[in-house]
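Notes for the structure review
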Amino acid sequence: MNLNFGINGGISVQAARPVIVDATTPIGIVVPFKNDTTFRVFNNADAMKGYLEENGATDDDLAYKTANAIALQNVNTKIVVKFVPDGDAVKDNVLSGLDTLKTAPFDENILTRPNLVICPEYSYDVDVAAKMDSIAAKLRATAIVDVNAANEAETLNFAQNFGSRYLLLYRGRSKAEGRLYPTSALIAGLIAYWDAGGDNGFDEFGYARSHSNRIVKGVSGSERVIEYFDGQDCEARRMRQHGIGAIVQDVGWRSYGFETTDIDPIWQSLERVRAFYRWLEAIIEANKWARDRSADQLIWVKKTCSEFFRKLTGAKIALGYEIYLDANRSDVTAGKFTFVLKTANMPAIRELNFDLVFSDDWNDAFIEWVNSI
């Protein structure tokens, strides 16, 4: 027997790992700009504006208006941009650019996964929007589509082409700084701003909230008037019932709508979709250490997940949770293990009703009061 002479030691871990949800929201953009074919990442929208200005962009260039629309929301988030050549083949260039955007997390010069995807103006094309849907699904992101229809009927017809939890449709162009801006860029900036905490300061759960009924900074109107009345049938409500949002005038210019077009009502709530995918990504990342380890380490995998959902429940972001191992004998033999994580996010208030009722219950008291004088 060989002896290890001297004093020996080692270290090990018996603890739950922290599950950290990435609260940042990088924005992926495919946009035409002259003959530029650059694929790069900017630290924020102002840096993108600086690049465009250095390369001769004007205030009216779509790429510049896109960057400025995001900058107006005062958000500081990474911008991944694939510039494509303008010209006769611009649609084909945009479609090809979306394929390039899919490689962003693995490109050594980018290494950033977009959480929002926009193709300003060009997304109002069924082929482009469908491709955005595919790319967003691959990235587990949300694609924001400009629905630049001439009227409500065309808007609803366009929406019928989609049934996806990865798309957020928003109506028309919006006025800002005396120009028409792509609404998708404004909404992308708005979402990224509130994901990071917004006006409330740092909020680590911003990504799990609805961003409907938020002031869209810089907006002073819309290209077409969108009818909106609280408590009544109106164009904005009818569109929202079909998964189409709009920036409406309601004590300022506000986002109205945060729903998807998914056929399953469960996944029509965009904040639920975004929260569940972020939670899933964070759980996978936190438990990568357990891959190919001894199966007794599953105890710590379960504790890691339990601690995470206990925190969400305590912060009133989740309503509750249940975790259990779903495996049979042959699964254990094969080293196949599945944890079922049951939870529900805190829902947003989408319908609030008040029933104002006239009653004569107090008339007798009134009569007695008058007679007592």
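Our structure is the block above this text.
Quick look at the packing of aromatic side chains now. Any two aromatic rings considered together are summarised by their centre-to-centre distance and by the angle between their planes. This model, assessed by the stated rule, comprises 14 aromatic pairs. Aromatic side chains tyrosine 193 and tryptophan 194 sit 5.7 Å apart centroid to centroid with 85° between the ring planes, which places their arrangement in the edge-to-face category. Assigned by exposure class, tyrosine 193 and tryptophan 194 land together as buried. An aromatic cluster of three or more residues is present, and its members are Trp267, Phe276, Trp279, Phe308, Phe309 and Tyr321. Its end group placed over the ring of tryptophan 289, arginine 17 keeps NZ or CZ at 3.7 Å from the ring centre. Sitting over the face of the ring of tryptophan 194, arginine 214 holds its NZ or CZ atom 3.9 Å from the ring centroid.

With that out of the way, let us pick up the pairing of strand S1 (residues 27-32). For S1, the buried fraction is high: 6 of the 6 residues fall into the buried class. Across the two faces of S1 the burial is the same, with Ile27, Ile29 and Val31 and Gly28, Val30 and Pro32 all buried. The pairing of S1 with strand S3 (residues 79-84) spans 6 bridges and is parallel. Among the inter-strand pairings, glycine 28 is bridged to a residue of S3, identified as valine 80. Sheet topology note: the S1/strand S4 (residues 116-118) ladder contains 3 bridges and is parallel. For isoleucine 29, the partnering residue across the bridge sits in S4 and is isoleucine 118.

Positive phi is not limited to glycine here, since glutamate 121 has a value of about 70°. If you trace the backbone, glutamate 121 turns up in the loop between S4 and helix H4 (126-139). A positive phi angle, close to 70°, is found at aspartate 292, a residue other than glycine. Tracing the backbone shows aspartate 292 in the loop between helix H8 (270-286) and helix H9 (298-314).

Here we come to the nonpolar core. Counting residues in each nonpolar core, the largest one holds 86 residues, and the members touching the most others are Ile27, Ile29, Met48, Leu52, Phe83, Leu98 and Ile187. Top element by residues in this core is helix H6 (residues 183-195). It accounts for 9 residues. Apart from residues no more than four positions distant in its own chain, phenylalanine 83 is found in contact with Val31, Phe33, Asp36, Thr37, Thr38, Phe42, Met48, Tyr51, Leu52 and Ala63. Of all hydrophobic cores here, the second largest spans 17 residues; its members include Trp279, Ala282, Phe309 and Ile323.

Strand order in the open sheet formed by 8 strands is S2-S3-S1-S4-S5-S6-S10-S11, with mixed pairing between adjacent strands. For this open sheet the edge positions go to strand S2 (39-42) and strand S11 (253-256), each flanked by a neighbour on one side alone. Each strand axis lies, on average, 25° off the axis of its neighbour in the sheet, ignoring direction. In the sheet, S2 pairs with S3 via 4 bridges, with the strands oriented antiparallel. For phenylalanine 42, the partnering residue across the bridge sits in S3 and is isoleucine 79.

Right, let's get into the packing of helix H1 (residues 45-54) against helix H2 (residues 62-71). The geometry of H1 relative to H2 is characterised by a closest axis approach of 8 Å and an angle of 155° between their N-to-C directions. Classified by the interaxial angle, the pair formed by H1 and H2 is roughly antiparallel. Between H1 and H2 lies a crossing of left-handed hand. Mapping the contact onto sequence places Ala45, Asp46, Met48, Lys49, Leu52 and Glu53 in H1 and Ala63, Tyr64, Ala67, Asn68, Ile70 and Ala71 in H2. A breakdown of the residues in the contact of H1 with H2 according to their chemical character gives 8 nonpolar, 1 polar and 3 charged.

Thresholds applied
- Residues numbered from 1 in each chain as written.
- Predicted model: local features only at pLDDT ≥ 70, side-chain atom pairs only at ≥ 80, totals over all residues.
- Heavy atoms only, no water.
- Phe/Tyr/Trp six-rings, centres within 6.5 Å; stacked < 30°, edge-to-face > 60°.
- Buried < 20%, exposed > 50% of the residue type's maximum accessible area, 1.4 Å probe, protein only.
- Lys NZ or Arg CZ within 6 Å of the ring centre and 35° of its normal.
- Helix = DSSP H or I, 4+ residues; strand = E, 2+ residues; numbered from the N terminus.
- Pairing = 2+ DSSP bridges.
- Core = buried A, V, L, I, M, F, W, Y, C linked by side-chain atoms within 4.5 Å.
- Contact = heavy atoms within 4.5 Å.
- Axes fitted to C-alpha atoms, helices over the stretch in contact; angles between N-to-C directions.
- Parallel < 35°, antiparallel > 145°, perpendicular 65-115°, else oblique.
- Left-handed = near helix turned anticlockwise from the far one by under 90°.
- Nonpolar A, V, L, I, M, F, W, Y, C, P; charged D, E, K, R; others polar.

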